[in-house]
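# Structure at a glance
Each chain, written out:
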Amino acid sequence: MNTILWIVQGLLALMFLMAGAMKLSKPKKELREKLGDWVDQYSDISIKLIGLAELLGAIGLILPMAMGFFPILTPLAAIGLAMTMVGAMKVHYQRKEKSKVITNIALMLLAVFVVIGRLYLLPII
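Residues numbered from 1 in each chain as written. Predicted model: local features only at pLDDT ≥ 70, side-chain atom pairs only at ≥ 80, totals over all residues. Heavy atoms only, no water.

### Here's the deal with the packing of helix α1 (residues 2–25) against helix α3 (residues 44–67)
Remark: α1 packs on α3, axes separated minimally by 7 Å, with the N-to-C direction vectors making an angle of 150°. If you check the angle between α1 and α3, you find them roughly antiparallel. Remark: the crossing between α1 and α3 carries left-handed chirality. The residue makeup of the contact of α1 with α3, split by class, is 17 nonpolar, five polar and three charged. (Axes fitted to C-alpha atoms, helices over the stretch in contact; angles between N-to-C directions. Helix = DSSP H or I, 4+ residues; strand = E, 2+ residues; numbered from the N terminus. Parallel < 35°, antiparallel > 145°, perpendicular 65-115°, else oblique. Left-handed = near helix turned anticlockwise from the far one by under 90°. Nonpolar A, V, L, I, M, F, W, Y, C, P; charged D, E, K, R; others polar.)

### What to know about the pattern of salt bridges
The final tally for this structure, using the stated rule, is five salt bridges. A salt bridge links K23 to E54; the shortest N-O distance between them is 2.9 Å. Here E54 lies in helix α3 and K23 lies in helix α1, a separation of 31 residues in the sequence. One exposure class covers both K23 and E54, and it is buried. A salt bridge links R95 to E97, with the nearest nitrogen and oxygen atoms 3.1 Å apart. A relative accessible area of 28% places R95 in the partly exposed class. For E97, a relative accessible area of 16% translates into the label buried. Where salt bridges share partners, they join D37, R95 and E97 into one cluster. (Salt bridge = Lys/Arg side-chain N within 4 Å of Asp/Glu carboxyl O. Buried < 20%, exposed > 50% of the residue type's maximum accessible area, 1.4 Å probe, protein only.)

### Comments concerning the nonpolar core
If you look at the biggest cluster of nonpolar residues, it comprises 18 residues, and the most contacted ones within it are L12, F16, L61, A78, M85 and V114. Looking at this core, the elements that each hand over two or more residues are α1, α3, α4 (73–94) and α5 (98–121). Once residues lying within four places of it in the same chain are set aside, the contact partners of L61 are Q9, L12, A13, T74, A77, A78, L81 and V114. Membership of the second largest hydrophobic core comes to six residues, among which are L35, W38, V39 and V91. (Core = buried A, V, L, I, M, F, W, Y, C linked by side-chain atoms within 4.5 Å. Contact = heavy atoms within 4.5 Å.)

Spelled out as structure tokens, the structure:
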């Protein structure tokens, strides 16, 4: 189970690291081309903050447990990323973007799996 959790954490971290880095580093025009016109609904700072949350969440999925330093931060990061996906689902549902909602649900469920795995299946505390 520990191996499965690490694999899921790694995949989630990779996905959110790429998404967060892109939102932090690209101008809105490029993001519109890559992510869609939903970015027009949000200010530049809001998009950068979403990117920062995703980036920090990705780091939080791996680093605390890998270093053995405050490992409780790993499930907390997963909770934060799951909540981020709830917000993304709301945006994409309102815009009738079904395929993006399905992707958000999948990522949220993987994050919830990490939370359950690290708090209950293989408690880190």
